[in-house]
Amino acid sequence: MTADFDIIRAAYAELIVRDLAESRRFYVDILGLVVTHEDDEAIYLRAFEEYLHHSLVLRQGPVPALAALAYRVRSQAEVAKAAAHFESLGCSVEHRASGATRGIGEAVRVIDPLGFPVEFFYDADHVERYTRRYDVQGSGAISRLDHFNIFTPDVPAAQAYYESLGFRVSEDIQDEAGTVYASWLYRKATVHDIALTGGGGPRLHHIAFATHERNQIVNICDTLGAYRLSDRIERGPGRHGVSNAFYLYLRDPDGHRVEIYTHDYYTGDPDNPVVTWDVHDNQRRDWWGNPVVPSWYSEGSTVLDLGGSPITITERTETEESEVTIGADGFSYTRKGEAMPEYKLGNQV
Ligand SMILES: O=C1C=CC(S(=O)(=O)O)=CC1(O)O
Ligand SMILES: [Fe+2]
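Residues numbered from 1 in each chain as written. Chains lettered and ligands numbered in written order. Predicted model: local features only at pLDDT ≥ 70, side-chain atom pairs only at ≥ 80, totals over all residues. Heavy atoms only, no water.

**Describing the overall build of the protein chain**
- In terms of helices and strands, the protein chain carries 6 helices and 18 strands.
- For the protein chain, whose C-alpha radius of gyration is 20 Å, the value lies close to the compact-globule estimate of 20 Å for 349 residues.
- Projected onto the principal axes, the alpha-carbon positions of the protein chain cover approximately 60 × 50 × 40 Å.
- Look at the contacts in the protein chain between residues 6 or more apart in sequence, and 68% of them connect residues 24 or more apart.
- Accessible surface, the protein chain as shown: approximately 14400 Å² in total, 49% of it carbon and sulfur.
- Positive and negative side-chain charges in the protein chain, numbering 33 and 53 respectively, have mean positions lying 4 Å apart. (Helix = DSSP H or I, 4+ residues; strand = E, 2+ residues; numbered from the N terminus. Rg over C-alpha atoms; globule rule 2.2 N^0.38 Å. Contact = heavy atoms within 4.5 Å. Areas by Shrake-Rupley, 256 points an atom, 1.4 Å probe, with all protein chains shown as cover. Lys, Arg positive; Asp, Glu negative; His and termini not counted. Charge placed at Lys NZ, Arg CZ, Asp CG, Glu CD.)

**A look at the domain arrangement of the protein chain**
- Taken as a whole, the protein chain is organised into domain 1 (7-121) and domain 2 (142-317).
- Between domain 1 and domain 2, the C-alpha centre-to-centre distance is 19 Å.
- Contacts between the two partners involve 45 residues from domain 1, matched on the other side by 45 residues from domain 2.
- For the pair domain 1 and domain 2, the summed buried surface comes to about 3800 Å²; carbon and sulfur atoms form 70% of the total.
- Run the count over domain 1 and domain 2 and you get 2 salt bridges.
- Of the charged contacts, one joins Arg 18 and Asp 254 as a salt bridge, the two residues approaching to 2.6 Å between their closest N and O atoms.
- Counting the contacts that link domain 1 with domain 2 gives 14 residue pairs in polar contact (both at pLDDT 80 or more).
- Every element with two or more residues in the side of domain 1 that touches domain 2 is listed here: strand S1 (7-17), helix H1 (20-30), strand S5 (65-73), helix H2 (76-88), strand S6 (93-96) and strand S7 (107-111).
- Class assignment for the residues of the side of domain 1 that touches domain 2 results in 31 nonpolar, 5 polar and 9 charged. (Domains from an automatic or database assignment. Buried area = accessible area lost by both parts, 1.4 Å probe. Salt bridge = Lys/Arg side-chain N within 4 Å of Asp/Glu carboxyl O. Polar contact = N/O pair within 3.5 Å; in protein donor to acceptor, adjacent residues only side chain to side chain. Nonpolar A, V, L, I, M, F, W, Y, C, P; charged D, E, K, R; others polar.)

**Focus: the packing of aromatic side chains**
- Taken as a whole, this structure holds 17 aromatic pairs when the rule is applied.
- Ring centres of Phe 5 and Phe 120 lie 5.5 Å apart, and the angle between their planes is 80°; on these two criteria the pair is classed as edge-to-face. Placement of the pair is Phe 5 in the segment before S1 and Phe 120 in strand S8 (residues 117-121), with a sequence separation of 115 residues. Note on accessibility: Phe 5 and Phe 120 belong to one class, buried.
- Consider the rings of Trp 296 and Tyr 297, whose centres lie 5.8 Å apart with planes at 80°: the pair is edge-to-face.
- Note on Trp 296: relative accessible area 1%, which makes it buried.
- In this structure an aromatic cluster arises from ring pairing among Phe 5, Tyr 71, Phe 86, Phe 120, Phe 148, Tyr 161, Tyr 162 and Phe 167.
- Sitting over the face of the ring of Tyr 130, Arg 133 holds its NZ or CZ atom 4.7 Å from the ring centroid.
- The positively charged end of Arg 203 is found above the aromatic ring belonging to Phe 151, 3.9 Å away from the centroid. (Phe/Tyr/Trp six-rings, centres within 6.5 Å; stacked < 30°, edge-to-face > 60°. Buried < 20%, exposed > 50% of the residue type's maximum accessible area, 1.4 Å probe, protein only. Lys NZ or Arg CZ within 6 Å of the ring centre and 35° of its normal.)

**What to know about the side chain of Glu 321**
- With respect to the secondary-structure elements, Glu 321 resides in helix H6 (residues 321-324).
- Only 3.2 Å separates the side chain of Glu 321 from the side chain of Tyr 297, close enough to count as a polar contact.

**Section: the sheet that holds S5**
- Sheet architecture is open: 8 strands sit in the order S2-S3-S4-S1-S5-S8-S7-S6, paired in mixed fashion. Lying at the two open borders of the sheet, with one neighbouring strand each, are strand S2 (34-38) and S6. Averaged over all adjacent pairs, the angle separating strand axes in this sheet is 20°, with direction ignored.
- Each of S1, S2, strand S3 (42-46) and strand S4 (56-60) is contacted by H1, which is oriented at about 160° to S4, the strand it contacts most. (Pairing = 2+ DSSP bridges. Axes fitted to C-alpha atoms, helices over the stretch in contact; angles between N-to-C directions.)

**Remarks on the pattern of salt bridges**
- Scanning the entire structure with this criterion turns up 22 salt bridges.
- Across the pair Arg 316 and Glu 318 runs a salt bridge, and its minimum N-O distance is 3.9 Å.
- Each of Glu 14, Arg 59, Glu 94, Arg 96, Arg 109 and Glu 119 takes part in a single network of salt bridges with overlapping partners.

**Focus on the site of ligand 1**
- Near ligand 1 you find 15 residues, and of these Trp 184, His 206, His 240, Tyr 249 and Arg 285 are the closest.
- In the model, an oxygen atom of ligand 1 is placed 3.0 Å from a nitrogen or oxygen of the His 147 side chain.
- Measuring from an oxygen atom of ligand 1, one finds a side-chain N or O atom of Arg 285 at 2.7 Å.
- Bound to the protein, ligand 1 loses 100% of the 330 Å² it would expose on its own.
- Counting residues per element, the ones that place at least two in the shell around ligand 1 are strand S9 (144-152) and strand S16 (257-262).
- Residue composition of the shell around ligand 1, by class: 5 nonpolar, 6 polar and 4 charged. (Near = heavy atom within 4 Å.)

**So, the nonpolar core**
- Residues Tyr 27, Leu 56, Tyr 71, Phe 120, Tyr 162 and Ile 260 are the most contacted members of the largest nonpolar core, which totals 64 residues.
- When neighbours within four sequence positions are excluded, Phe 120 is seen to be in contact with Phe 5, Ile 7, Tyr 71, Val 73, Val 79, Ala 82, Phe 86, Ala 107, Val 108 and Val 110. (Core = buried A, V, L, I, M, F, W, Y, C linked by side-chain atoms within 4.5 Å.)

**Notes on H1**
- Of all the positions in H1, only Leu 20, Ser 23, Phe 26, Tyr 27, Val 28 and Ile 30 are classed as buried.
- For H1, the N-terminal cap is Asp 19; the gap from its side-chain oxygen to the backbone nitrogen of Ala 21 is 2.9 Å.
- Within two residues after H1, Gly 32 carries a phi angle of roughly 85°, on the positive side.

Have a look at this one:
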């Protein structure tokens, strides 16, 4: 059933972290996110272009997990429509009073048909927008939250669900038999607000923040090196095939994956063409053909139900992407039809 409420964008995530102080060092001291509010229980962070109270909540807890992904809707009236929609689907629905999450007005939090805790809100406190605060932006200068990426076992079913919420596909990865390994869908006029990664789920794959310039991503890598924290770098920096974005994947102190991302493209016209990649194309996930490290395909964050308990994972029944490329990724074809080398130069196992 098509939803009758208007989601405008991915807006914030709430992550459970074990040590607030250590997480603060990673997200504030190194990534440079701005603290809107902090107390013994949680830290509320935003990026430099953001004027809403936060785009990331770090909440102290015993086990690292995702507590919520939140989308902003176009008006407060849409929140009630969202609640009615998910009640009609038979989903668990929690009506949240204003301030249930600091800085957020009346909202609704549901367990969606894919098993994820998802919140829909409009009203939120406005705070100082640091767009021109070059005096404090630091070298990373993260501008805004860009998207969520989730593990889900059945990508076509998840895609159909998100399309029922008004999302449109920008790119996907398929094989010759039509198996869909991953899909990217948007509401705002960029490549995606949500990416669906085929795998056991519901699990969070990553949250992603955007910068305006590629060198700001390189600066973050240099800063991590200066802190002797280069082991926080999981994958990249590099250039994606899908989305065309320049990217970097980090793992925070609890193992949550955070992507820093820039330079994707506009998708706002109604006839925006879908790009479909061959799963055997070695440039699909890294345009320069660099291998995708195995942990990127396999590791993700547990998600919690509305009562705070971990949600049971359903394994994927179709083939996994890491099974259909040769060895660890990076060993598929570069030029379709040419005999594939046994290993790419600098092979890794
Ligand atoms: O944001 C993204 C854009 C592209 C890719 S991929 O690795 O190029 O498929 C992954 C991603 O979903 O993190
Ligand atoms: Fe991403």
